[in-house]
Amino acid sequence: MTLKIVDHAKPNTFAFENNALIKATGFREYDARWWFGHPGSEKEPELNLMGAQALGMGLGTLIRRMGVGPEIITGHDFRSYSMSIKMALVSGLMAAGARVKDIGLALSPTAYFAQFALNAPSVAMVTASHNENGWTGVKMGAQRPLTFGPDQMTALKALVLDGDFDLVGGGNYQFVSELRERYIADLVTGKSIRRKLQVVVACGNGTAGAFAPQMLESIGCDVIPLDVELDHTFPHYNPNPEDMQMLHAIRDKVLETGADLGLGFDGDGDRCGVVDNEGNEIFADKVGVMLARDISSLHSQCTFVVDVKSTGLFMTDPVLAQNGASTDYWKTGHSYIKRRVAELDAIAGFEKSGHFFFNPPIGRGYDDGLVTAIAVCEMLDRNPGKTLAELYRTLPMTFGTPTMSPHCPDEVKYGVVDKVVGDFMKMKGDGTEFAGQPLADLVTVNGVRVVAQDGTWGLVRASSNKPEIVVVVESPVSSERRRQMFEALDAVLRRNPEVGAYNQTF
């Protein structure tokens with residue numbers, strides 16, 4: 001194979017059109033993300049269409065060497081360039097002998113569903129999820145319902161960057177229509193909400209606008225649409241229900257209309273954000289506790305998996321304890337939690353980002369924002385005398401933050417986090433007080449979760465899909481303790497000059 005792989009090439013040059021541009025840092029822990037660019041962008045691209053083709057060659061080679069059958073599902077999200085990237089990827093897959101079943105414009109969970117519906121072991125979904133316009137990426141898997149983890153991503157990276165392809169040919173292409181209709185029908189079969197719910201449905205003009213409103217209407221909800229028209233310029237806000245701008249827009253619409261709740265979906269529909277009837281923007285980890293209470297009341301002695309960004313209530317909530325529920329804290333990342341849910345045969349997994357994973361009888365084990373929306377509506381249906389705000393108020397009070405992300409280049413972010421972990425290990429060993437109290441615990445399964453004696457905690461970890469550090473803080477005591485923990489944590493982080501400004505704070 002004589003295809004030349006490069007990690008730098010300026011647009012509008014011979015080199016850009018004649019080489020496969022694919023930057024090494026785009027191969028992340030459990031999926032792939034690159035800056036593709038858009039008209040007017042000054043930032044140099046990290047991927048071109050020949051690079052996407054090379055990625056397809058590498059992925060087709062990898063699944064062949066893994067002994068997985070040649071059938072693979074492809075789909076793309078609603079961005080101006082996603083279809084072009086997908087077709088370049090498809091050409092590489094076919095060159096490596098893959099039999100491609102293309103479902104067209106889709107949500108990530110629609111592609112995961114198609115693996116089951118079309119009996120294909122592998123998937124390659126072209127999406128940048130909630131990232132800003134100009135980003136692209138691919139979510140991949142070869143063992144439904146799981147997606148790639150670090151081992152598979154490392155192997156794929158080596159194949160692609162070395163040009164180590166098995167171009168055996170014999171691949172083919174099939175466009176499969178009506179998967180959207182089959183997916184929605186599968187979601188709503190046997191689902192009917194008796195309680196008349198008015199639901200604000202916000203999609204940030206992303207792909208979910210073509211799926212979520214119809215699905216929620218089909219189970220009996222009265223849908224109030226908000227930014228559901230597909231528009232790949234994302235004119236109002238980025239489709240990310242973890243960002244306060246989107247949550248504020250949902251809040252305002254709920255209060256304006258008197259709706260029972262608001263639901264927001266991210267760019268590829270695998271996450272769901274929730275706002276209650278009083279306009280409270282409920283962070284996804286608290287939504288997870290509410291759902292865990294509901295689910296554990298129906299399935300006693302069940303197990304949940306949550307990520308290290310999530311609230312400590314999963315361990316301390318008296319209702320979960322009464323229901324015999326147990327919780328395992330694990331690494332942040334949709335592939336990590338998905339695998340852990342499968343390993344432990346947990347009934348559900350929850351991430352603070354809004355990725356929720358439901359095993360049978362609720363779901364098939366993969367993250368699906370629309371399944372989450374149904375679960376929230378069913379929880380309300382089982383509590384006809386209570387509003388969502390009233391259910392929320394029954395949780396023990398904690399003072400949490402949104403996910404806050406200071407910029408840090410991909411090339412150095414893991415090294416920065418390693419230094420921060422080292423700083424805290426030394427403090428713990430020396431018995432040094434932090435944020436006014438002795439350190440009670442350090443959880444280092446993914447970055448470091450610093451726990452004070454009063455239960456106040458703060459997390460620092462490297463983002464798996466953007467050039468950022470991730471910071472989350474929570475206190476069961478007071479907003480003042482939350483602020484103390486954040487400021488102390490940020491001071492340790494600021495010892496590293498590579499760390500930039502936050503995308504949002506509290």
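Below you will find a few notes about this structure.

Cut-off values and rules
By convention here, each chain's residues receive numbers from 1 onward along its written sequence. Confidence filtering applies because this is a predicted model: local features only for residues at pLDDT of at least 70, side-chain atom pairs given and counted only at 80 or more, and all residues used for totals across whole chains, interfaces and linings. The side-chain quantities take in all heavy atoms of the structure and omit both hydrogens and water. Working definition: rings of Phe, Tyr and Trp (its six-membered ring) pair if their centres are within 6.5 Å, and the pair is stacked with planes under 30 degrees apart, edge-to-face with planes over 60 apart, and tilted otherwise. Three exposure classes are used, based on accessible area relative to the maximum for each residue type with a 1.4 Å probe and protein chains only: buried under 20%, partly exposed in between, and exposed over 50%. Remark: a charge is flagged as sitting over a ring if the NZ atom of Lys or the CZ atom of Arg is within 6 Å of the ring centre and within 35 degrees of the ring normal. Per the convention used, a helix needs a DSSP run of H or I reaching at least four residues, while a strand needs a run of E reaching at least two, with both numbered from the N terminus. Expected helix span is given by 1.5 Å per residue-to-residue step, counting one fewer step than there are residues. For the purposes of this section, nonpolar cores are sets of buried Ala, Val, Leu, Ile, Met, Phe, Trp, Tyr and Cys residues that join through side-chain atoms within 4.5 Å. A pair is scored as a salt bridge if a Lys or Arg side-chain nitrogen falls within 4 Å of a carboxyl oxygen belonging to Asp or Glu. A pair of strands is labelled paired if DSSP reports no fewer than 2 bridges between them. In what follows, residue pairs with any heavy atoms lying within 4.5 Å of each other are defined as contacts. Interaxial angles span 0 to 180 degrees and are taken between N-to-C directions of axes, which are lines fitted to C-alpha atoms, for helices over the stretch in contact.

### Regarding the packing of aromatic side chains
Okay, so step 1: Counting across every chain of the model gives 15 aromatic pairs.
Okay, so step 2: For the pair F27 and W34, a centre-to-centre distance of 5.3 Å together with 90° between the ring planes defines the contact as edge-to-face. Taken as a pair, F27 and W34 share a single burial class, namely buried.
Okay, so step 3: An aromatic cluster of at least three residues, connected via ring pairs, comprises F304, F314, F350, F356 and F358.
Okay, so step 4: A cation over an aromatic ring shows up here: R180 above the ring of F211, its NZ or CZ 5.8 Å from the ring centre.
Okay, so step 5: Between R449 and the ring centre of W457, over which it is positioned, the NZ or CZ distance is 3.5 Å.

### Re helix α9 (residues 284-298)
Okay, so step 1: In a regular helix each residue adds 1.5 Å, so 15 residues correspond to 21 Å; α9 covers 21 Å between its end C-alpha atoms and thus fits that length.
Okay, so step 2: Extensive coverage of α9 is indicated by the burial of 13 of its 15 residues.

### Let's talk about the nonpolar core
Okay, so step 1: Counting residues in hydrophobic clusters, the biggest one holds 71 residues, and the most contacted among them are M215, L216, F265, L291 and F350.
Okay, so step 2: Per-element accounting of this core gives the leading share, 9 residues, to helix α13 (residues 369-381).
Okay, so step 3: Counting 37 residues, the second-largest nonpolar core is a separate cluster that includes W34, F36, A124 and F165.

### Here's the deal with the pattern of salt bridges
Okay, so step 1: Within this structure, the stated rule accounts for 35 salt bridges.
Okay, so step 2: Among the salt bridges present, the one from D328 reaches R340, with a minimum N-O distance of 2.9 Å. With D328 in strand β15 (residues 326-330) and R340 in helix α12 (residues 334-344), this residue pair connects regions lying 12 residues apart in the sequence. Neither D328 nor R340 differs from the other in exposure class; each is buried.
Okay, so step 3: Note that R494 and D490 form a salt bridge whose closest N and O atoms lie 3.1 Å from each other.
Okay, so step 4: Residue classification places R494 among the partly exposed residues on the basis of a relative accessible area of 34%.

### Side note on the sheet that holds strand β9 (residues 198-202)
Okay, so step 1: The strand order β10-β9-β11-β12-β13 describes an open sheet built from 5 strands, whose pairing is mixed. What marks the edges here is a single partner per strand, and that holds for β10 (222-226) and β13 (281-282).
Okay, so step 2: The sheet contact formed by β9 and strand β11 (residues 261-265) spans 4 bridges and is parallel. Within β11, the position partnered with V200 by the bridge is G262.
Okay, so step 3: Contacts from α13 reach β11 and β12 (272-276) within the one sheet, and its direction differs from that of β11 by about 170°.

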